[in-house]
Amino acid sequence: MADELKRGLEGVLVAESDLSYVDGEVGKLVYRGYDIEDLARGASYEEVLYLLWHGSLPTAAELDSFVADLAAEREVNDGVIETVRALADAGERPMAALRTATSMLSAYDPDNEGDDDGATLRQGRRITAKIPTVLAAFERVRQGEEPVAPDPDLSHAGNFLYMLTGTEPDAVSEETFDMALTLHADHGLNASTFTAMVIGSTMADVYSSVTGGIGALSGSLHGGANQDVMEVLHDIDDSSKDPVQWVKDTRDDGGRIPGFGHRVYKVKDPRANILEEKLRDLAESSGDTKWLDYTTAIEEYLTDQGLVEKGIAPNVDFYSGSVYDSLGIPVDMYTPIFAMSRVGGWIAHVAEYQEDNRLIRPRARYTGPEDAAFVPLDER
Ligand code: ACO
């Protein structure tokens, strides 16, 4: 048993956590016992952050002071903005730009030597507050516009949309975006969270954990899938292809359908259900049902084909892209937005793990040669 090899660590328990629970058989997700649906509909992203970081939902007074502390940390140093400009000029991809700029934020942290018990959450709060500012600045600069300074009177969600567009968002857009942030905030020991924990288990600072988490999230098997889904939908639209035909062609070529399948969920992801409903509302109120029609056609076809029954069902990424598109957010910003939300979960898991830390250090089964006779360089 001790030597049993679990590829991809599938099913391996490596820690205890009070933070979130995913029941992949019935399609349930809870944060500290609260159903994701109740939180998505009833709580703001800031309340969810408080819940994850401090263990319980805040009272009104606790929330006021938490929101004010977070909002007070939104500005980033000019040096970071200059780097963001250089990255945009070089044509860097948004997730890579975010990874570089997040790492750089530590240079300006007032307690970057902090290694006391509270350092992870203190520095984590600053990172969480500043990531939206970095992302919005990057997007504006590459569009040839000047960054917009954060507005401390707006919510985390509302302020990001404001910094992106320069205009205060309407209530529906702010609420929709806030809901998307809540839905992505935590999800057990997914690849990026585990990456952050591995780094945190060495007692490296939380900037290193978040930077590593961003790197892990950028891959197409993880956070990159929401962008892939939207690119497919655009492709279908641009080529006037039938969405079902696109799926047939992709499967005939042995390709995967982005936004379908999940390591843990064997039924439809509960977050996908909530976002699908949101997409339906947005499509009905705008009268533009294009993305809804395509996604519905794909899902119905794959359900008829028995794929969903086999456990390859829509995941959160299948719908998030269409929702972001309806908010006017560019496609390659979807994964960075995922990072902007998931940073809350990364920090919570690192802080929780460090309370009873043990260096994470697994082993590989050695399959290389044994007893190789060394040959000096000049004899090879
Ligand atoms: N389309 C078609 N077939 C699929 C898909 C898919 N999207 N996903 C899995 N399968 C099939 C595989 O081909 C495989 O079939 P086989 O046994 O006949 O070879 C079987 O299902 C199992 O697939 P694995 O890759 O072994 O399952 P794993 O648990 O490693 O995969 C993953 C999970 C990586 C998410 C996979 O479903 C996938 O690639 N999905 C598309 C990308 C995606 O949507 N990623 C987002 C995940 S959610 C998130 O990160 C927020």
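Predicted model, so just to flag it, every value in this text is computed and none were measured.

Conventions adopted
- Numbering of residues starts from 1 in each chain and follows the order in which that chain's sequence is written.
- A pLDDT threshold of at least 70 governs which residues receive local features in this predicted model, and a stricter bar of 80 or more applies before side-chain atom pairs are shown or counted, although totals over entire chains, interfaces and linings include all residues.
- Only heavy atoms go into the side-chain values, all of them from the structure, while hydrogens and water stay out.
- Joining through side-chain atoms within 4.5 Å is the link that ties buried Ala, Val, Leu, Ile, Met, Phe, Trp, Tyr and Cys residues into a set, and such a set is a nonpolar core.
- Buried residues are those whose accessible area, probed at 1.4 Å on protein chains only, stays under 20% of the maximum for their type, while exposed residues exceed 50% and partly exposed ones sit between those limits.
- Labels follow the DSSP assignment, with helices taken as runs of H or I lasting at least four residues and strands as runs of E lasting at least two, numbered in each case from the N terminus.
- Here the bounds of each domain stem from an automatic or database domain assignment.
- We call two residues contacting when some pair of their heavy atoms lies within 4.5 Å.
- UniProt positions are given in the numbering used here, feature names are shortened, and annotations may be inferred rather than shown by experiment.
- Here a polar contact is taken to be a pair of N or O atoms separated by no more than 3.5 Å, where protein atoms must pair a possible hydrogen donor with a possible acceptor and residues adjacent in sequence count only if both atoms sit in side chains.
- Residues are classed as near a molecule or strand on a simple rule: at least one heavy atom within 4 Å of it.
- Note that accessible areas follow from Shrake-Rupley with a 1.4 Å probe, and for residues the cover is restricted to the protein chains shown.
- Throughout, the accessible surface (probe 1.4 Å) given up by two parts as they are put together, summed over both, is called the buried area.
- Salt bridges are identified by distance alone: a Lys or Arg side-chain nitrogen within 4 Å of an Asp or Glu carboxyl oxygen.
- Distance thresholds for patches are 9 Å for like charges and 5 Å for nonpolar side chains (Val, Leu, Ile, Met, Phe, Trp, Tyr), applied to residues having over 30% relative accessible area and no salt bridge.
- Under this rule, positive means Lys or Arg and negative means Asp or Glu; His and the chain ends count for nothing.
- Where a charge lies is defined by one atom per residue type, namely NZ (Lys), CZ (Arg), CG (Asp) and CD (Glu).
- A pair of strands is treated as paired once DSSP finds two or more bridges between them.

> Give a detailed account of the nonpolar core, specifying residues and quantitative values.
Within soluble globular proteins, side chains that are nonpolar generally end up buried alongside one another. Formed by 97 residues in total, the largest nonpolar core has its most connected members in Y31, F160, F177, V210, I298 and I329. Looking at which element gives the most residues to this core, the answer is helix α16 (residues 334-355), with 10 residues. Taken together, domain 1 (28-218 + 333-355) and domain 2 (225-326) each give at least three residues to this core, which thus spans both. With sequence-adjacent residues up to four places away left out, I298 is seen in contact with L233, I236, P243, V247, I257, F260 and F318.

> Can you explain the UniProt feature "active site" (unreviewed entry) in the protein? Please cite residues and give values.
The UniProt record marks H262 and D317 with the feature "active site" (unreviewed entry), using the residue numbering of this structure. On the basis of their most widely separated C-alpha atoms, the annotated residues across 56 residues gather in one place, lying no more than 10.5 Å apart. In this structure, H262 sits in the loop between α12 (243-252) and α13 (270-286). We classify H262 as partly exposed; its relative accessible area is 25%. Only 2.9 Å separates the side chain of H262 from the backbone nitrogen of V264, close enough to count as a polar contact. Of note, D317 is situated in helix α15 (residues 317-326). The class of D317 is buried, set by a relative accessible area of 5%.

> Before we move on, could you go through the site of the ligand and cite the residues and values that matter?
In the vicinity of the ligand, 15 residues are found, and the nearest of them are R256, I257, G259, F260 and R263. The contact in question runs from a nitrogen atom of the ligand to an N or O atom on the backbone of I257, over 2.8 Å. At a separation of 2.9 Å, an oxygen atom of the ligand approaches a polar backbone atom of G259. Contact with the protein chains removes 65% of the 920 Å² of surface that the ligand exposes when unbound.

> I'd like to hear about the domain arrangement of the protein, residue by residue, with values.
How big an interface is tends to be stated in terms of the accessible area lost upon association of its parts. Partitioning the protein into domains gives domain 1 (28-218 + 333-355) and domain 2 (225-326). Computed over C-alpha atoms only, the centres of domain 1 and domain 2 are separated by 27 Å. With 20 residues of domain 1 at the contact, the number on the domain 2 side is 19 residues. Across the domain 1/domain 2 interface, buried area totals approximately 1700 Å², and carbon plus sulfur atoms make up 65% of it. Considering only the side of domain 1, the residues that lose the most area to domain 2 are L183, H187 and Y334, jointly responsible for 36% of the buried surface there. Along the contact surface separating domain 1 from domain 2 lie 2 salt bridges. Note that R41 is salt-bridged to E277, the shortest N-O span being 3.2 Å. Applying the counting rule to domain 1 against domain 2 returns 7 residue pairs in polar contact (both at pLDDT 80 or more).

> Run through unusual backbone geometry, naming residues and quoting values.
A positive phi angle is found at L9, which is not glycine, with a value near 55°. Relative to the elements of secondary structure, L9 occurs in the segment before β1 (20-23).

> Talk me through a negative patch on the surface; I want residue IDs and the actual numbers.
Together, E16, D18, D117, E355 and D356 make up a negatively charged patch on the protein surface. With respect to the helices and strands, D18 occurs in the segment before β1. D18 gets classed as exposed once you look at its relative accessible area, which sits at 58%.

> Could you give me a rundown of the pattern of salt bridges, with the residues and numbers involved?
According to the stated counting rule, one finds 25 salt bridges in the structure shown. Residue R263 is joined to E10 by a salt bridge in which the shortest nitrogen-to-oxygen separation is 3.8 Å. Here E10 lies in the segment before β1 and R263 lies in the loop between α12 and α13, a separation of 253 residues in the sequence. Taking relative accessible area as the criterion, E10 reaches 43% and is therefore assigned partly exposed. Across the salt bridge formed by K268 and E299, the nearest N and O atoms sit 2.9 Å from each other. Here K268 is found in the loop between α12 and α13, whereas its partner E299 is found in helix α14 (residues 290-304), with 31 residues between them in sequence. E299 matches K268 in its accessibility class, with the two residues each being buried. Connected through salt bridges with shared partners, the residues E73, D109, D111, R122, R125, R126 and K130 form a single ionic network.

> So what's going on with the sheet that holds β1? Residues and values would help.
Read from one edge to the other, the open sheet built from 3 strands follows the order β1-β2-β3, with strand pairing classed as antiparallel. Each end of this open sheet is capped by a strand with a single partner; those strands are β1 and β3 (34-35). As paired elements, β1 and strand β2 (residues 28-31) share 4 bridges and run antiparallel to each other. Within β2, the residue paired with Y21 across the bridge is V30.

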